[in-house]
Amino acid sequence: MGIAAFCIQNRVTTLTLTVCMLVGGGLAYQSMSRLEDPEFTIKDALVVTPYPGASAAEVEEEVTDRLELAIQQLAQLDEIESKSDRGVSNMTVSIKKKYDTDSLPQVWDELRRKIGDAQGQLPPGAGPSIVIDDYGDVYGVFFAVYGEEYSYAELKDYVDLLRRELVLVQDVAKIETFGERPEVVYVEPNRDRMSQLGISPQAIASRLVEKNVAADAGRVKVGSDFISLVPTGEIKSVEEFGNILISGDSKGQVYLRDVANVRRGYLDPPTHRLRYDGKAAIGMGISTISGGNVVTMGKALEKRLAELADQTPLGIEAGIISLQSQAVTVAISGFLNSLIQAVAIVVVVLLLFMGVRSGLLIGFVLVVTIAGSFIFLSPMGVALERISLGALIIALGMLVDNAIVVVDGVLVRVQRGEDTAEAAQAVVSQTAIPLLGATVIAVLAFAAIGTSDDSTGEFCRSLFQVVLVSLMLSWVIAITVTPLLCVMFLKPAAPAAGGETGEPPDPYGGSFYAGYRAILRACIRFRVVTVSVVIAVFAVAIWGFGYVDQSFFPPSTRPQFMIDVWAPQGTHIDETTAIVEQVEDYVATLEGVTHTSSFVGQGGLRFLLTYTPEKQNTGYAQILVDVDETPRVDELMPEIEAHLAALLPDVTSFTSKFELGPGAN
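So, a few notes on the structure that sits alongside this text. Owing to the predicted nature of the structure, the values given are computational and were not obtained by experimental measurement.

**Digging into the packing of aromatic side chains**
Counted under the stated rule, the structure contains 10 aromatic pairs. Here the aromatic rings of Phe 142 and Phe 599 are separated by 6.0 Å at their centres, their planes lie at 10°, and the arrangement is stacked. Placement of Phe 142 in strand β5 (residues 141-146) and of Phe 599 in strand β17 (residues 593-600) is noted, with a sequence separation of 457 residues between them. We classify Phe 599 as buried; its relative accessible area is 0%. If you follow Arg 181 out to its NZ or CZ, it ends over the ring of Tyr 152, 5.6 Å from the centre.

Shown next, in the form of structure tokens:
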């Protein structure tokens, strides 16, 4: 007994499994992770080494070169990009593309060992080196907290509150801030007074280093207790800094407050700044846990923020820089619309060419196939994101092929007078293996993308997984569920006009098939001409392909673009901020612009997989411009570039769109 015969005879079981597939697919779809881009590991780490007081040349010769030699011993290394600035060395270490998420932690540990072994070769005052291996984390929620009537300290207190509360929200991995300035204690020496008392700056520095150092003072037995001794002298306030005693050349001691002004404040000038709509702000970036649902996280964050509304000071606001949950919701809504349109188109076309029953039957099979695919894709860890949703839309046109072959074969046999059940069994036994071969070939066409061990393969792996599961499932449904549906809904042809004993009509006897048969015979008869035309068309296609834009990933349709501003190297961050203010004032006057977010001194947090933040540079700034609709991006970019070239002739500025894909290093 063939599989089609088994399914037909056990129709209750087959229909029950079909319903279970529909219901299970719906539940699996609801539980699948939702992201904007596939989970992708950026194989870069930053190595930051401070060398206070050294020039850029000294940093390069004494720090960067020595660390590069140590890192080059790493077998997994792809390349090193280094930048030596005054007082600091920044190195970007890129690992070979074949290493994935599971193997990278071991690679980073080995990198740390290499860097640690090289610390002894660095000059006095340099280091220690810091290895940042979470450089590629994507913060799907990125917003700015600002309030014109509030000081930086008040904004920071509110941001600290949000950080403590939001890190507990469902699917939140971690929270990073941007534009936050560390608190410091300034000791401003009075040079005249120090000269009179014979006190050197080194004497003050050495005394400060000795303070607040934890030390074990031992223990003492008191009765039956063994009590730890804690030495006094710990500094707990700025005022106590002034009470530190400093020794001078006269062998006497004076208070620090007598030779220096001690005050508390924030680091000035800051290393970087954030501005939102022209206002100073502090940014908060929130990343999603691996395998998490960014849409669920976004809703949970909105709910928690609403609960904290009564603790939000009046006048403090939050501006959205990037909200991935909105983009994902729009993308999934677009997929559902595309799915409904595709099913409708398939049904309408089949209604015209195959009849009402056949069209509705194949449309139902398409829905079952898609629903069933989610049942297998969910345990495989495939998320609903840009690539997987695109793969489903790509596969829609192929998912109906197997069902069409089976339904059309049964329909032709039934029109010839055969019993529907016998026709279904015969068609399946005749076409099952050829259809399997064709399905496997279609799947293998995408295998090179999904099985590649480079960045594109990792980023597009879900494309291959979706095509593999959905096409193979379409073949299984075509030889199981589809024959049963044919038996249930395709009725035998009516008897011929001559009575029940008359011959049934020939399904291929119409004018359309007659015309096609004539063309086919002509092509076979004049085979040389036919082959020559095919070769000529193929050659023209190859020639025309050269005029097609070569891009595996198209530009993003994100209604946002970037303006990069480069002032001369060494420009003070305050001067760069003044330049940014001019750009913001101009951009705000343009039609269609809704918001601007400015990063001064370095690039922002990685809020998009393809966004690579610029490293620290006081002469650099980047303005993100939000517009009301995507077409305005192409309209505004050239206009802004032309205006800024005239407005700021000494500054290099350019605009750019966001790109899709696995990101740039």
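**Details of helix α21 (residues 527-545)**
Helix length check: α21, at 19 residues, gives a terminal C-alpha distance of 27 Å against a target of 27 Å (1.5 Å per residue), a fit within 8%. Along α21, only zero of the 19 residues are buried, which leaves the element largely exposed.

**Some details on unusual backbone geometry**
Of the consecutive residues Asp 268 and Pro 269, the connecting peptide bond is found in the cis state with omega at 0°. Within the secondary structure, Pro 269 sits in the loop between β12 (260-266) and β13 (273-276). In the Ramachandran plot, Asp 277 falls in the positive-phi region, its phi being about 50° despite a non-glycine side chain. The class for Asp 277 is partly exposed, based on a relative accessible area of 28%.

**A few points about the pattern of salt bridges**
Under the counting rule described, the total for this entry stands at 15 salt bridges. Among the ionic pairs, Arg 112 bridges to Asp 133, the shortest N-O distance being 3.1 Å. Of the two residues, Arg 112 is situated in helix α4 (residues 104-118) and Asp 133 in the loop between β4 (130-132) and β5; the sequence distance between them amounts to 21 residues. For Arg 273, the salt bridge identified is with Asp 574, shortest N-O distance 2.8 Å. Linking Arg 273 in strand β13 with Asp 574 in helix α22 (residues 573-588), this pair joins segments that are 301 residues apart in sequence. By relative accessible area, Arg 273 is classed as partly exposed at 23%.

**Some remarks on the nonpolar core**
If you look at the biggest cluster of nonpolar residues, it comprises 97 residues, and the most contacted ones within it are Ile 286, Ile 362, Phe 374 and Val 410. Per-element accounting of this core gives the leading share, 11 residues, to helix α18 (residues 461-479). When neighbours within four sequence positions are excluded, Phe 374 is seen to be in contact with Gly 25, Ala 28, Tyr 29, Met 32, Phe 335, Pro 379, Leu 384 and Leu 392.

Cut-offs used in this document
- Along each chain, residue indices are assigned from 1 in the same order as the chain's sequence is written.
- Reporting of local features is limited, given that this is a predicted model, to residues whose pLDDT is at least 70; pairs of side-chain atoms are given and counted only at 80 or more, and all residues count toward the totals for whole chains, interfaces and linings.
- Based on all heavy atoms of the structure, the side-chain values leave hydrogens and waters out of the count.
- To pair, rings of Phe, Tyr and Trp, with the six-membered ring standing in for Trp, must have centres within 6.5 Å; the planes then decide the type, stacked if under 30 degrees apart, edge-to-face if over 60, and tilted in the middle.
- For the purposes of this entry, the term helix denotes a DSSP run of H or I that reaches at least four residues, the term strand denotes a run of E that reaches at least two, and both are numbered from the N terminus.
- Burial classification: accessible surface area is computed with a 1.4 Å probe over protein chains only, and a residue below 20% of its type maximum counts as buried, one above 50% as exposed, and the rest as partly exposed.
- Cation placement over rings: the criterion is NZ of Lys or CZ of Arg within 6 Å of the ring centroid and within 35° of the ring normal.
- The length a helix should cover is 1.5 Å for every residue beyond the first.
- What makes a salt bridge here is a side-chain nitrogen of Lys or Arg within 4 Å of a carboxyl oxygen of Asp or Glu, nothing more.
- What makes a nonpolar core is a set of buried Ala, Val, Leu, Ile, Met, Phe, Trp, Tyr and Cys residues whose side-chain atoms join them at distances within 4.5 Å.
- Residue contacts follow a heavy-atom distance rule, with two residues in contact if any of their heavy atoms lie within 4.5 Å.

Scope: geometric values only; no functional claims are made or implied.
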